[in-house]
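Analysis of the macromolecular model
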Amino acid sequence: MSRIIAMASGKGGVGKTTLCASIAAALAQFGKSVIVIDTNLTTANLGLHLGMPFYPVTLQDVLKKRARLKDAIYYHNAGFGIIPASISVEHVMVPKQNDIIDAAYKAASLADIVLLDSAAGLGREASAALQAADEVLIVTNPEMPAITDALKLSKIAQQYEVRRLGYILNRVRMEKHEISRREIQELLELPFFGIVQEDRRVKEAIAARMPVVLHRPRAKVSRQIKAVAARLANMQYKETLSDMFFGWFR
């Protein structure tokens, strides 16, 4: 049975889109068929992260009934499908809940896992993605503003009866000022899904316009993302000694 999972964040800048792209690439490496939908129709970024900013057909065309959904699916060389949103100001729109639900369910008929790259925040765009999803994975940082907004997002997901898989702590620097995992757990009361540390290789991968798990597959950050993806796919991920050695050496 296909799954529709919203990758969501209560606050912008936590690294959700970057993480979403790499999780999709890792899932594809694990043999899963994946389609990622950029449901952020006001500030679309997924295509920019993947080096594919301009598309002849976008999600906006599908929602406006100008194109079929299958015509808006493009395949990245990492092995997953993308339904992009247009980056043009002329195409900015706030989606209707039912339209996003319809697009998500059509995509689910074509893949094992559909990831919705949700708009950050708690507005109508984010709500539309949440209501289209069966499950939500919340991305946050170990900082109070991000944690507070993640808590609000969690409560909204609960109201919509979306299964809350848990939260990912992203861009962790392991610095003293960061909120501890114990404190975050007490605040969010959600399962801890994984940790992804801050790493300059992520910025290098963004500049190279490719997921970091492909750009630097043996880096620690890539192994952490693969562990998250494996858990999402209900699989076990075991680091090889060579991965750990070469990751440390790099």
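The structure this text deals with has already been given above.
What comes next concerns the included structure. (Residues numbered from 1 in each chain as written. Predicted model: local features only at pLDDT ≥ 70, side-chain atom pairs only at ≥ 80, totals over all residues. Heavy atoms only, no water.)

Examining the sheet that holds strand 2 (residues 34–38)
Note the cut-off: Here, a strand pair is defined by DSSP locating no fewer than two bridges between the strands. Runs of E in the DSSP output that reach at least two residues are strands. Runs of H or I that reach at least four are helices, and both are numbered from the N terminus. We call two residues contacting when some pair of their heavy atoms lies within 4.5 Å. Axes here refer to lines fitted to C-alpha atoms; in helices the fit is confined to the stretch in contact. Angles between the N-to-C directions go from 0 to 180 degrees.
On the basis of which strands lie adjacent, the open sheet formed by 8 strands has the order 3-4-2-5-1-6-7-8 and mixed pairing. Pairing within the sheet leaves two strands with one partner each, and these edge strands are strand 3 (74–75) and strand 8 (192–197). Sheet analysis places strand 2 next to strand 4 (residues 81–83), joined by 3 bridges and oriented parallel. When the sheet's bridge partners are listed, V36 is paired in strand 4 with I82. Strands strand 1 (3–8), strand 6 (135–140) and strand 7 (163–172) of the sheet are contacted by helix 6 (residues 144–159), whose axis makes an angle of about 170° with strand 6. Its contacts with the sheet place helix 10 (residues 220–232) against strand 1, strand 5 (113–117), strand 6, strand 7 and strand 8, and it is angled at close to 160° to strand 8.

Some details on the nonpolar core
As a reminder, the rule being used: Put simply, a nonpolar core is a bunch of buried Ala, Val, Leu, Ile, Met, Phe, Trp, Tyr and Cys residues held in one set by side-chain atoms that sit within 4.5 Å of each other. In this scheme, a residue with accessible area under 20% of its type's maximum is buried, one over 50% is exposed, and one in between is partly exposed, where area comes from a 1.4 Å probe on protein chains only.
Counting 86 residues, the largest nonpolar core has I23 and L115 as the members making the most contacts within it. Looking at this core, the element that brings in the most residues is helix 1 (residues 16–29), giving 8 residues. I23 has contacts with M7, L115, I168, I225, V228, A229 and L232, leaving out every residue within four places of it along the chain.

Points about the packing of helix 1 against helix 10
Rules: The cut-offs work like this: below 35 degrees is roughly parallel, past 145 is roughly antiparallel, 65 to 115 is roughly perpendicular, and the gaps in between are oblique. Should the near helix be turned counterclockwise from the far one by less than a right angle, the crossing is left-handed, whereas a clockwise turn marks it as right-handed. Amino acids are sorted into nonpolar (Ala, Val, Leu, Ile, Met, Phe, Trp, Tyr, Cys and Pro), charged (Asp, Glu, Lys and Arg) and polar (every other residue, Gly among them).
For the pair helix 1 and helix 10, the least separation of the axes is 9 Å and the interaxial angle reads 65°. Judged by the angle between their axes, helix 1 and helix 10 are roughly perpendicular. In terms of crossing hand, the pair formed by helix 1 and helix 10 is right-handed. Contacts from L19, S22, I23, A26, L27 and Q29 in helix 1 reach I225, K226, V228, A229 and L232 in helix 10. Partitioning the contact of helix 1 with helix 10 into residue classes produces 8 nonpolar, 2 polar and 1 charged.

Re helix 4 (residues 97–108)
Formally: One less than the residue count of a helix, multiplied by 1.5 Å, gives the span that helix is expected to have. As used here, the arc is the angular range of directions from the helix axis to the C-beta atoms.
Its 12 residues place the ends of helix 4 17 Å apart at the C-alpha level, agreeing with the 16 Å of an ideal helix rising 1.5 Å per residue. Among the residues of helix 4, I100, A103, A104, A107 and A108 are the ones counted as buried. Projected onto a plane normal to the axis of helix 4, the buried residues spread over an arc of 140° and lie on a single side. Buried residues in helix 4 make contact with strand 1, strand 2, helix 3 (59–63), strand 4, strand 5 and helix 5 (124–132).

What about the environment of I101?
Counting through the fold element by element, I101 comes out in helix 4. Linking I101 and N234, residues 133 residues apart in sequence, is a C-alpha distance of 24 Å.

Notes on the packing of aromatic side chains
Operational definition: Under the pairing criterion, centres of Phe, Tyr and Trp rings, with the six-membered ring standing for Trp, must be within 6.5 Å; the plane angle then separates stacked pairs below 30 degrees from edge-to-face pairs above 60, leaving the rest tilted. Over a ring means this: the NZ of a Lys or the CZ of an Arg is within 6 Å of the ring centre and within 35 degrees of the ring normal.
Following the criterion strictly, the structure yields 3 aromatic pairs and no others. Just above the ring of F192 sits the side chain of R181; from NZ or CZ to the centre is 3.7 Å. Taking NZ or CZ as reference, R231 lies 4.5 Å from the ring centre of F193, over its face.

Topic: the pairing of strand 1
Counting buried positions over the 6 residues of strand 1 gives 6, a clear majority of the element. Across the two faces of strand 1 the burial is the same, with R3, I5 and M7 and I4, A6 and A8 all buried. Here 5 bridges tie strand 1 to strand 5, and the two strands are oriented parallel to one another. By the bridge assignment for strand 5, I5 is matched with L115. Where strand 1 meets strand 6, 4 bridges bridge the pair, whose relative direction is parallel. Of the residues in strand 6, the one forming a bridge with A6 is V136.

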